[in-house]
Amino acid sequence: MEHDAIIENVKTCIINMKGVGNTLLLNEEDREIIRELEKKADEMTLMGLGRGDNKGVKAVLKSDVIFAFTTNMDFNWPEGPNVILMHNDCVVGQDLDDEAKLEEVKSCKDKLVIGNIVIYDTSVLKKMDAKTNPLVVVLPPKPCKDVECVNNVCNVVLASPSPPSDEYLKGKMGLDNLHGTGTFLLGFDFDCSCN
């Protein structure tokens, strides 16, 4: 199958996902701009907790083909965790999307809940130093079942870009930064005999 046809098939799958608006096929210049924006974002303090590590975007940037797409409030986020807090290479927290579990965790004295982020052991906050020994806020790569089923694609990766990359992508698509809209990056490789 021609690469152009595969790309069109993937684009159609993305467009048909619930809550998806515009799509954009990224070029090499876009990749480099996003790589630099993400590098700067990783160095900034995230949520007042520590530095970032957007492993998802780093994985997407290695892909043969990358699409950006916009989402609205109807988009179904990938199953969590979508945010993982690390300290000294140990998982110390993550986001939870289960309301009942969040309520249960709120009653535990040794845990801290910030929005939908749970820190499992609050003693880690006393041990960390934002400058020399910070928490690392990891945004992991996610699967995308809607695209994984397309013939002749493999290594499909979905990622949530940092706010500066989000703003850049919306600008490229000529969109305002409206409340409730977001962007995702989706990368894939052409058939690599991984099946």
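Everything below is about the structure printed above this text.
Residues numbered from 1 in each chain as written. Predicted model: local features only at pLDDT ≥ 70, side-chain atom pairs only at ≥ 80, totals over all residues. Heavy atoms only, no water.

Chemist: Before we move on, can you summarise the sheet that holds strand β4 (residues 65–71) with the specific residues and values?
Modeler: Reading across from one edge, β1-β4-β11-β10 is the order of the four strands in this open sheet, with antiparallel pairing throughout. Each end of this open sheet is capped by a strand with a single partner; those strands are β1 (20–25) and β10 (153–159). Going from strand to strand, the sheet's axes swing by 25 degrees on average, the running direction of each strand aside. As paired elements, β4 and strand β11 (residues 182–190) share seven bridges and run antiparallel to each other. For Thr70, the partnering residue across the bridge sits in β11 and is Thr183. Sitting on the sheet, helix α7 (residues 163–172) touches β1, β4 and β11, and the angle it makes with β11 is about 85 degrees. (Pairing = 2+ DSSP bridges. Helix = DSSP H or I, 4+ residues; strand = E, 2+ residues; numbered from the N terminus. Axes fitted to C-alpha atoms, helices over the stretch in contact; angles between N-to-C directions. Contact = heavy atoms within 4.5 Å.)

Chemist: Can you break down a nonpolar patch on the surface residue by residue, with the values?
Modeler: Together, Leu112, Ile114 and Leu125 make up an exposed nonpolar region whose accessible area comes to about 200 Å². Locating Leu125 in the fold gives a position in helix α5 (residues 123–127). Residue class for Leu125 comes out partly exposed when judged on its relative accessible area of 31%. (Patch = residues over 30% accessible without salt bridge, like charges linked within 9 Å, V, L, I, M, F, W, Y side chains within 5 Å. Areas by Shrake-Rupley, 256 points an atom, 1.4 Å probe, with all protein chains shown as cover. Salt bridge = Lys/Arg side-chain N within 4 Å of Asp/Glu carboxyl O. Buried < 20%, exposed > 50% of the residue type's maximum accessible area, 1.4 Å probe, protein only.)

Chemist: Please set out the packing of helix α2 (residues 28–43) against α7 residue by residue, giving values where relevant.
Modeler: In helix packing, the relevant descriptors are the interaxial angle and the interaxial distance, both defined with respect to the helix axes. The contact between α2 and α7 brings their axes to 9 Å, and the two run at 155 degrees. The angle between α2 and α7 places the two elements in the roughly antiparallel class. Facing Asp30, Ile33, Ile34, Leu37 and Glu38 of α2, the residues of α7 in contact are Pro164, Ser165, Tyr168, Leu169 and Lys172. A per-class count over the contact of α2 with α7 returns six nonpolar, one polar and three charged. (Parallel < 35°, antiparallel > 145°, perpendicular 65-115°, else oblique. Nonpolar A, V, L, I, M, F, W, Y, C, P; charged D, E, K, R; others polar.)

Chemist: With reference to specific residues and values, describe the environment of Val157.
Modeler: Among the secondary structure elements, Val157 is positioned in strand β10. Its relative accessible area of 14% is what places Val157 among the buried residues. Setting aside chain neighbours within four positions, we find Val157 in contact with Gly56, Ala59, Val60, Pro141, Lys142, Leu185, Leu186 and Gly187.

Chemist: Describe the nonpolar core, with residues and values.
Modeler: Ranked by size, the top nonpolar core spans 20 residues in total, and within it Val10, Ile14, Phe69, Val147, Leu186 and Phe188 carry the most contacts. Within the residue set of this core, elements represented by two or more residues are α1 (3–15), β4, β10 and β11. The contact partners of Val10, leaving out residues within four places of it in the chain, are Phe67, Val147, Val150, Val153, Leu186 and Phe188. In terms of nonpolar packing, the next biggest core, distinct from the first, is built from 14 residues, Leu26, Leu61, Val157 and Ala159 among them. (Core = buried A, V, L, I, M, F, W, Y, C linked by side-chain atoms within 4.5 Å.)

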